[in-house]
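# Working through the structure, step by step
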Amino acid sequence: MSNAAAPARPGAILKSNLWTSNPIFMQVLGICSALAVTNLLVNTFIMAVGVVFTTAMSNLTVSLLKKMIPRKVRMIVQTLVIAFYVIIVDIVLRAYLPDVSRALGPYVGLIITNCIIMGRAEAFAQSNPPIISFWDGMTSGAGYMGVLMVIAFFRELFGFGTLFGFRVMPGWFPDWTIMVMPPSAFFFLGLIIWIGKNIMNREAA
Amino acid sequence: MAPDIGYFSLFLASILTSNILLANFLGMCSFISISKDINSSNGLGMAVTLVLTITAGVNWAILQLLQSLGIVYLRFIVFIIVIAAVVQMLEMIIDRISPRLYMSLGIFLPLITVNCAILGVSLFMEIRNYSFLQSIVYGFGSGLGWWLAIMALAAIRKKTEKAPIPAGLQGAGITMITIGFMAMAFIGFSGMLQVQ
């Protein structure tokens, strides 16, 4: 959590969102969609771009509107703002990338319930000016994207022997089917959390 | 066209092999944070099952309305509002009917609006073109599957509370790996039953 009392500097926000309070491996937020789409790099990348766009824009909008929203209904207003941007992402994907849209299936719509977006709107945009909120949203999205791409890299490499659809593993390499199935996503996320925390503990020591 | 699948196999598949949590990764956030405690897990599981069954039916009807008006692209917003409204209504009804049930179940209801499993079931129902009855069976089965999974995880976490786990792996890390093993066990039977 970036704490509201500290002065919000762009560099500090970048470091905190990408690393020290990375939404996925430090706060374990928003992993619902993180795990489902990570068996192919291309899908993961597009999904993550959608999340970056939604987080940044909804943070900006919530920050612009914060004076006008009564405190009592702010949750539902935030949800509607987020849903609005997710609909844009969905329509754009359907029009320009129909194959990816079909592969992602319901997970595009599920960006709405991604806790990262709601969390940033509530914890940051609600109490900060628009531009810096936009930046905070973008870097949070980027932190999410980074972890997703790492998971997807290994899952696609071992599961299909390809990267971005191009075959890179030698012919004798047997594809590990388990890698493209759900359980491996849990194992990988567990490992990433482990590695991330270990490095962080060493830094702290 | 509604897919050709028997109600009973749809029901079993949504509980076990296509478990909404372990095969589709939906509802993870509350799954991880609540599963520290068995009693809360039980309450939340019950609430999720109830809300899933009702919202699957209501959203099915709403979807037909949106389709006949040609504004299906609004479904994300409409589904979310319907879910929030159903949850709010349930909370009031339960509070009125049984204060005791409210104490055990009502406090979890507000959490559920942002549970991805609820919206996920509605979206799957749309993509797979389920009929009204199929939607309800799928919603109910998914709820039971979620309940089963969170109870199992809560029990496992209780057992491993005192286990010597490496420092970096404690908490979220080891939980993810536990869930991975659970997922392997649940999905292991997917050759026998499939839901599409």
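Only a predicted model underlies this, so the values are computations on that prediction, with no experimental measurement involved.

## Quick notes on the overall build of chain A
The secondary structure content of chain A amounts to eight helices and two strands. Ordered by position in the sequence, the α and β elements of chain A form the string α-α-α-α-α-α-α-β-β-α. Its C-alpha radius of gyration of 18 Å places chain A within 12% of the 17 Å reference for a compact globule of 205 residues. With the C-alpha coordinates of chain A rotated into their principal frame, the extents come out at 60 × 50 × 25 Å. Within chain A, the fraction of its 205 residues that count as buried is 53%. In chain A, the share of contacts with a sequence separation of at least 24, taken over all contacts with a separation of at least 6, comes to 74%. As presented, chain A carries roughly 9,200 Å² of accessible surface, and 74% of it is formed by carbon and sulfur atoms. If you average the places of the 14 positive and of the 7 negative side-chain charges in chain A, the two averages end up 12 Å apart.

## Topic: helix α7 (residues 116-127) of chain B
Given a rise of 1.5 Å per residue, twelve residues ought to cover 16 Å, and the 16 Å separating the end C-alpha atoms of α7(B) matches this to within 8%. Of all twelve residues making up α7(B), eleven are buried, and the element is well covered by its neighbours. When α7(B) is considered as a whole, its buried residues turn out to be C116(B), A117(B), I118(B), L119(B), G120(B), V121(B), S122(B), L123(B), F124(B), M125(B) and E126(B). Of the surrounding secondary structure, the elements contacted by the buried residues of α7(B) are α2 (31-36) of chain A together with α3 (38-69), α4 (75-97), α6 (109-112) and α8 (132-159) of chain B. Immediately downstream of α7(B), the backbone of N129(B) shows phi near 60 degrees, a positive value.

## Details of the side chain of S140(A)
Residue and element names in this part refer to chain A. Topologically, S140 is positioned in helix α7 (residues 130-160). Look at S140 and you get buried, because its relative accessible area is 2%. Not counting chain neighbours up to four residues away, the residues in contact with S140 comprise N17, P23, I116 and R120.

## Observations concerning the nonpolar core
Counting residues in hydrophobic clusters, the biggest one holds 94 residues, and the most contacted among them are M28(B), F31(B), L109(B), I112(B), W146(B) and M176(B). Here this core gets ten residues from one element, more than from any other, and that element is α4(B). Filtering out sequence-adjacent residues up to four positions away, M176(B) remains in contact with I31(A), L35(A), F186(A), L189(A), G190(A), I193(A), M28(B) and I32(B). The next biggest cluster of nonpolar side chains, apart from the first, holds nine residues, and it includes L41(A), A48(A), M145(A) and L163(A).

## So, the packing of α8(B) against helix α9 (residues 172-187) of chain B
Residues and elements named next belong to chain B. As a packed pair, α8 and α9 sit with axes 11 Å apart at the nearest point and diverge in direction by 130 degrees. By the angle class used here, α8 and α9 are oblique. For the element pair α8 and α9, the recorded crossing hand is right-handed. The segment α8 lies against α9, with L148, A149, A152, L153, I156 and R157 engaging T175, T178, I179, M182 and F186. In the contact of α8 with α9, the residues fall into eight nonpolar, two polar and one charged.

## A short note on the interface of chain B and chain A
At the junction of the two partners, chain B supplies 39 residues and chain A supplies 38 residues. Both faces considered, chain B and chain A share a buried interface measuring about 3,100 Å² in area, 85% of it formed by carbon and sulfur atoms. In terms of surface lost to chain A, no three residues of chain B exceed F25(B), F76(B) and M176(B), which account for 22% of the buried area on that side. The interface formed by chain B and chain A holds one salt bridge in total. Residue R75(B) pairs with D90(A) through a salt bridge whose shortest N-O separation is 3.5 Å. Seen at the junction of chain B and chain A, the total is one residue pair in polar contact (both at pLDDT 80 or more). Every element with two or more residues in the side of chain B that touches chain A is listed here: α2 (28-34), α4, α7 and α9 of chain B. If you tally residues by element for the side of chain B that touches chain A, the top one is α9(B), at ten residues.

## Side note on the confidence of the model for chain A
All names here are of chain A. Averaged over every residue, the pLDDT of chain A is 82; residues scoring 70 or more account for 94%. Looking across chain A, the model is least confident in α2, with a mean pLDDT of 74, and most confident in helix α3 (residues 41-65), with 90. Scored below 50 in pLDDT, residues 1-7 makes six contacts in the model with residues more than four places away or belonging to other chains.

## Focus: the packing of aromatic side chains
Residues and elements named next belong to chain A. Summed over all chains, the structure comprises twelve aromatic pairs over all chains. Between the aromatic rings of F53 and Y85, the centroid separation amounts to 5.9 Å while the plane-to-plane angle is 80 degrees, which identifies the pairing as edge-to-face. With F53 in helix α3 and Y85 in helix α4 (residues 74-96), the pair connects residues that are 32 residues apart, well separated along the chain. When its relative accessible area of 34% is taken as the criterion, F53 is described as partly exposed.

## Notes on unusual backbone geometry
Residues and elements named next belong to chain B. We note that F25 has phi near 60 degrees; this positive angle belongs to a residue other than glycine. By secondary structure assignment, the location of F25 is in the loop between α1 (7-15) and α2. With phi around 60 degrees, N129 is a residue other than glycine that occupies positive phi space. On the secondary structure map, N129 appears in the loop between α7 and α8. Classification of N129 as partly exposed rests on a relative accessible area of 41%.

Rules and cut-offs
- Residues numbered from 1 in each chain as written.
- Chains lettered and ligands numbered in written order.
- Predicted model: local features only at pLDDT ≥ 70, side-chain atom pairs only at ≥ 80, totals over all residues.
- Heavy atoms only, no water.
- Helix = DSSP H or I, 4+ residues; strand = E, 2+ residues; numbered from the N terminus.
- Rg over C-alpha atoms; globule rule 2.2 N^0.38 Å.
- Buried < 20%, exposed > 50% of the residue type's maximum accessible area, 1.4 Å probe, protein only.
- Contact = heavy atoms within 4.5 Å.
- Areas by Shrake-Rupley, 256 points an atom, 1.4 Å probe, with all protein chains shown as cover.
- Lys, Arg positive; Asp, Glu negative; His and termini not counted.
- Charge placed at Lys NZ, Arg CZ, Asp CG, Glu CD.
- Expected span 1.5 Å × (residues − 1).
- Core = buried A, V, L, I, M, F, W, Y, C linked by side-chain atoms within 4.5 Å.
- Axes fitted to C-alpha atoms, helices over the stretch in contact; angles between N-to-C directions.
- Parallel < 35°, antiparallel > 145°, perpendicular 65-115°, else oblique.
- Left-handed = near helix turned anticlockwise from the far one by under 90°.
- Nonpolar A, V, L, I, M, F, W, Y, C, P; charged D, E, K, R; others polar.
- Buried area = accessible area lost by both parts, 1.4 Å probe.
- Salt bridge = Lys/Arg side-chain N within 4 Å of Asp/Glu carboxyl O.
- Polar contact = N/O pair within 3.5 Å; in protein donor to acceptor, adjacent residues only side chain to side chain.
- pLDDT = per-residue confidence, 0-100.
- Phe/Tyr/Trp six-rings, centres within 6.5 Å; stacked < 30°, edge-to-face > 60°.

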